[in-house]
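Each chain, written out:
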Amino acid sequence: MLPGDGIGPEVTEAALKVLKAVQKAKKNLKFIFSFGEAGLNCIKKHGTNVPQRTLDMLRQTDACLKGPMTTPEEAGAPPSAAVTIRKAFNLYANVRPCKSLPGVPALKPNIDLIVLRENTEGLYSGQEFMVAPGKGVALRIVTEQASKRIAELAFEMAQKRKHHVTCVHKRNILRVTDGIFVDAVMKIAEKYSQVTLDEVHVDAMAMRLVKEPEKFDVIVTTNLFGDILSDEAAQLVGGLGLAAGANVGSSYGMFEPVHGSAPKYAGKNTVNPIATILAAKMMLDYLNESEAAGLVEKAVMEVLKEGKVRTYDLGGNSSTQEIADTIADKISFFAH
Ligand code: NAD
């Protein structure tokens, strides 16, 4: 557990309550929790936002639940903690599910899609240069190897879902980089005859997500496009307070809410912890604890459907910890 900055400690505390309730409900499940420091709060103390001690601790674990962290923006500051951890563990896929939830206003009632974002290259390669005063260049790195790897995951996921992959790109303009990406996706598609592949330009996709989001299943795309489209998709189904994401590689997973550290709400016990609780649910799925994950999902759905406790973003005035306690109680109730 990496509590992080701003609202991070309170939303991860909420998720911890839920995980402890799951552990109590399922006698054969035993978690060992370790807690590590990371985020802006570490910089003064350790000179970095991801201390070596934290990376060493993570290497002893199977997965981590990461609270949001404030990213320093001044020149020369360390990169975002999430980016450092993604690179250290080669977490090449960012998985962001978006689903209409009971009792939560959504653009359409039947949205169920996943934005799958390549997590290691593209415009997030961090290679930017000032080539002359007032003239900057950023490198958009796309490789066939990384594109095939993310495409493979997209088709594997679609095969277990609605058998539909949408490849999002801007090949008409970015002919070299998105040419490599689209060709790689098409090559992988040849192995998955039961999955339909279509392709959409990113600008058209931004529009179609609003017009007909229910028509999509797995949307696979490059790093920056995926970042933008997944925030848009989150808003279609209730906003950032409910959106969870996974960062997975071949041997490690990091799970986090999509939202940031929302500093102005820090310590107020008012923000929605469900995004982090759903990130914990994704972590249980990753750890092959699908029954435990199902229990968390069922409890969250029930609490949302009942609508008795809600945080401000969903029109209520319940506290962060009240939501966590109610979900934890539901887990105990369902387990007996
Ligand atoms: P933010 O997501 O922190 O907050 C934007 C707004 O969204 C908030 O003011 C609030 O109105 C709402 N919001 C966010 N989380 C909510 C929740 N759980 N419940 C209810 N409402 C919620 O975005 P920001 O203000 O642009 O960024 C703040 C800091 O977080 C920045 O330093 C940014 O770099 C960082 N950040 C970190 C991560 C991460 O750690 N993965 C992700 C995004 C942003």
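Figured I'd write up the structure that's included with this text. (Residues numbered from 1 in each chain as written. Predicted model: local features only at pLDDT ≥ 70, side-chain atom pairs only at ≥ 80, totals over all residues. Heavy atoms only, no water.)

Let's shift gears to helix α10 (residues 290-306). Helix length check: α10, at 17 residues, gives a terminal C-alpha distance of 24 Å against a target of 24 Å (1.5 Å per residue), a fit within 8%. What α10 keeps buried is the set Ala292, Ala293, Leu295, Val296, Ala299, Val300, Met301, Val303 and Leu304. Taken together, the buried residues of α10 touch α1 (8-25), α9 (274-286) and α11 (320-335). Of the residues flanking the end of α10, it is Gly307, one or two places downstream, whose phi is positive at about 65°. (Helix = DSSP H or I, 4+ residues; strand = E, 2+ residues; numbered from the N terminus. Expected span 1.5 Å × (residues − 1). Buried < 20%, exposed > 50% of the residue type's maximum accessible area, 1.4 Å probe, protein only. Contact = heavy atoms within 4.5 Å.)

A few words on the packing of aromatic side chains. Summed over all chains, the structure comprises 6 aromatic pairs. Geometrically, the ring pair formed by Phe31 and Phe33 is tilted, given 5.4 Å between the ring centres and 40° between the ring planes. The class of Phe31 is buried, set by a relative accessible area of 14%. With relative accessibility at 25%, the residue Phe33 sits in the partly exposed group. (Phe/Tyr/Trp six-rings, centres within 6.5 Å; stacked < 30°, edge-to-face > 60°.)

Time to look at the site of the ligand. With respect to spatial proximity, 21 residues lie near the ligand, and among them Met69, Gly260, Ala262, Asn272 and Tyr312 are the closest. One of the side-chain nitrogen or oxygen atoms of Glu256 is found 3.2 Å away from a nitrogen atom of the ligand. Gly260 places a polar main-chain atom, nitrogen or oxygen, 2.7 Å from an oxygen atom of the ligand. Starting from 820 Å² of accessible surface for the ligand in isolation, the protein chains cover 69%. Of the residues that constitute the shell around the ligand, the class distribution is 10 nonpolar, 7 polar and 4 charged. (Near = heavy atom within 4 Å. Polar contact = N/O pair within 3.5 Å; in protein donor to acceptor, adjacent residues only side chain to side chain. Areas by Shrake-Rupley, 256 points an atom, 1.4 Å probe, with all protein chains shown as cover. Nonpolar A, V, L, I, M, F, W, Y, C, P; charged D, E, K, R; others polar.)

Our focus in this paragraph is the environment of Ser250. Following the sequence through the fold, Ser250 ends up in the loop between β9 (244-248) and β10 (253-257). Judged by relative accessible area, which is 73%, Ser250 ranks as exposed. Distance from Ser250 to Ala146, taken between C-alpha atoms, is 13 Å for residues 104 residues apart in sequence.

Moving on, we get to the pairing of strand β5 (residues 135-138). Two elements, strand β4 (residues 128-132) and β5, share 4 bridges in a ladder whose sense is antiparallel. Along β5, the bridge assignment pairs Ala132 with Lys135. A loop of 2 residues connects β4 with β5, the two strands running antiparallel in sequence, and Gly134 in this loop sits at a positive phi of about 80°. (Pairing = 2+ DSSP bridges.)

With respect to topology, 8 strands assemble into an open sheet ordered β1-β10-β9-β2-β3-β8-β6-β7, the strand pairing being mixed. Each edge of the sheet is formed by a strand with only one pairing partner; in this case those strands are β1 (63-65) and β7 (196-201). In this sheet, adjacent strand axes meet at a mean angle of 20° when their direction is disregarded. Running at roughly 155° to strand β3 (residues 112-118), helix α8 (residues 223-236) makes contact with β2 (93-99), β3, β6 (164-169) and β8 (218-221) of the sheet. (Axes fitted to C-alpha atoms, helices over the stretch in contact; angles between N-to-C directions.)

Below, the discussion takes up helix α7 (residues 202-211). Listing the buried residues of α7 in full gives Val202, Met205 and Leu209. When α7 is viewed along its axis, its buried side chains cluster within an angular range of 40° and face the same direction. The inward-facing, buried residues of α7 contact β3, β6, β7, β8 and α8. (Arc of directions from axis to C-beta.)

With that out of the way, let us pick up the nonpolar core. In terms of nonpolar packing, the biggest core is built from 66 residues, with Leu116, Val220, Phe255, Ile327 and Ile331 touching the most fellow members. The biggest single contributor to this core is α10, with 9 residues. Setting aside residues up to four positions removed in sequence, Ile331 forms contacts with Val18, Ala21, Val22, Ala25, Leu295, Val296 and Ala299. Core analysis: the next-biggest nonpolar cluster, separate from the first, contains 16 residues, Ile111, Leu113, Val168 and Val202 among them. (Core = buried A, V, L, I, M, F, W, Y, C linked by side-chain atoms within 4.5 Å.)

Here the structure, examined in full by the defined rule, presents 24 salt bridges. In this structure, the salt-bridge partner of Lys187 is Glu190, at a minimum N-O distance of 3.5 Å. In this structure Lys187 comes out as partly exposed when scored by relative accessible area, which is 45%. Three or more residues are tied together by salt bridges with common partners; here these are Arg96, Arg117, Asp227 and Asp231. (Salt bridge = Lys/Arg side-chain N within 4 Å of Asp/Glu carboxyl O.)

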